Amino acid sequence: LQVSKSSVREAIKMLEALGVVEIRRGLCTVISKNPEQGYMNVMLSHFYLNSGNEEDLQNFRYIIESAYTTYAIHQATDNDLAAIREKLRNGTLEAEDDILFHGQILQATHNSFMISLGNALNELFRRSIAIAIRDNPEVALHDHESIYQAIVNRDTVAAEKVIAASARQWAASFKIQDAVAESTL
């Protein structure tokens, strides 16, 4: 190949950063099982860190979540509805429950790109989701139940209203966290 080892190492590190490969130290380098998520994480991290403000982020989340939920409303089968309902069964809510619930809605779209993008977003926002749920678990659980009912009723308007309110609540948790962080400095 007439390429130096250091160039190959650097290229592999870049592919790892993009999520294309996984380096297993001392063993081997393998193709990632989900390279799309790596691409999305890089893109979304850039958006999150370098552009916009809280309102932009809130609107971005609303647009994406509304889009995939609306698509799921049109695509969901009875089995999908049962799987989404299963994620609500225990009546409690933590960040992982939220991610699983939204992941199940994404599965109901039956669109691999949308699933990949949505899951990458959920992972990107995991920490902020955990904070929002910690601060208002009953509101988040109620929102999930309302979103589920909108999907069952095939009611895109109701779903969008709940998602808009949820996105506002989520964005408000940023402001609260920022105020707490500033007061401890």
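All figures in this text were calculated on a predicted structure; none of them were measured in a lab.

Colleague: Just to check I follow, could you spell out the packing of helix α3 (residues 54–75) against helix α8 (residues 137–152) for this structure?
Modeller: Relative orientation of the contacting elements α3 and α8 amounts to 40°, with a least axis distance of 9 Å. Considering their axes alone, α3 and α8 lie oblique with respect to each other. Crossing of α3 over α8 shows right-handed handedness. Taking contact as the criterion, the partners of Glu65, Thr69 and Ile73 in α3 are, on α8, Ile147, Ala150 and Ile151. Classifying every residue of the contact of α3 with α8 gives four nonpolar, one polar and one charged.

Colleague: What exactly am I supposed to notice about empty space enclosed by the protein here?
Modeller: Left-over empty space is what a probe sized like a water molecule reveals as it rolls over the atoms. Per the stated rule, a full pass over the model turns up two cavities of 30 Å³ or more. Space inside the largest cavity adds up to approximately 140 Å³. As for the largest cavity, its lining consists of 14 residues, of which Asp98, Ala132, Ile133, Ala140 and Ser166 are closest to the centre. Contributing elements (two or more residues each) for the lining of the largest cavity: α5 (95–109), α7 (126–135), α8 and α9 (156–183). Considering every element that reaches the lining of the largest cavity, the biggest residue donor is α8, with four residues. Split into classes, the residues belonging to the lining of the largest cavity amount to six nonpolar, five polar and three charged. A volume near 70 Å³ is recorded for the second largest cavity. Lining the second largest cavity are Arg61, Ile64, Glu65, Tyr68, Gly118, Leu121, Asn122 and Phe125. No other element matches α3, which puts four residues into the lining of the second largest cavity. Split by residue class, the lining of the second largest cavity holds four nonpolar, two polar and two charged.

Colleague: Please explain the environment of tryptophan 170 as it appears in this structure.
Modeller: Structurally, tryptophan 170 can be placed in helix α9. Overall, the relative accessible area of 2% leaves tryptophan 170 in the buried class. In this structure the C-alpha to C-alpha distance between tryptophan 170 and arginine 61, which are 109 residues apart in sequence, comes to 9.6 Å. Looking at tryptophan 170, its side chain comes within polar contact range of the side chain of serine 128, at 2.9 Å.

Colleague: I keep staring at the packing of aromatic side chains and nothing clicks. Help me out?
Modeller: Any aromatic ring pair is given by two values, namely how distant the centres are and how the planes are angled relative to each other. Considering all chains together, one arrives at one aromatic pair under this definition. Summarising the aromatic geometry, the rings of phenylalanine 125 and tryptophan 170 are spaced 4.9 Å apart at their centres and angled 65° between planes, so their arrangement reads as edge-to-face. Of this pair, phenylalanine 125 sits in the loop between α6 (112–124) and α7 while tryptophan 170 sits in helix α9, and the two are 45 residues apart along the sequence. The side chain of arginine 61 reaches across the aromatic face of tryptophan 170, ending 4.7 Å from its centre.

Colleague: What is the right way to read the nonpolar core from this model?
Modeller: Most often, soluble globular proteins have nonpolar side chains that are buried together. Counting residues in each nonpolar core, the largest one holds 33 residues, and the members touching the most others are Ile84, Phe101, Ile105, Ile129, Ile147 and Ile151. Contributing elements (two or more residues each) for this core: α3, α4 (78–86), α5, α6, α7, α8 and α9. If sequence neighbours within four positions are ignored, isoleucine 84 has contacts with Phe101, Gln104, Ile105, Ala108, Tyr148 and Ile151.

Criteria and cut-off values
Residues numbered from 1 in each chain as written. Predicted model: local features only at pLDDT ≥ 70, side-chain atom pairs only at ≥ 80, totals over all residues. Heavy atoms only, no water. Axes fitted to C-alpha atoms, helices over the stretch in contact; angles between N-to-C directions. Helix = DSSP H or I, 4+ residues; strand = E, 2+ residues; numbered from the N terminus. Parallel < 35°, antiparallel > 145°, perpendicular 65-115°, else oblique. Left-handed = near helix turned anticlockwise from the far one by under 90°. Contact = heavy atoms within 4.5 Å. Nonpolar A, V, L, I, M, F, W, Y, C, P; charged D, E, K, R; others polar. 1 Å grid on protein atoms, 1.4 Å probe; cavity = no way out; pocket = protein on both sides within 12 Å on 5 of 7 lines; lining within 4 Å. Points joined across faces, edges and corners; volume = space filled by probe spheres on them. Buried < 20%, exposed > 50% of the residue type's maximum accessible area, 1.4 Å probe, protein only. Polar contact = N/O pair within 3.5 Å; in protein donor to acceptor, adjacent residues only side chain to side chain. Phe/Tyr/Trp six-rings, centres within 6.5 Å; stacked < 30°, edge-to-face > 60°. Lys NZ or Arg CZ within 6 Å of the ring centre and 35° of its normal. Core = buried A, V, L, I, M, F, W, Y, C linked by side-chain atoms within 4.5 Å.

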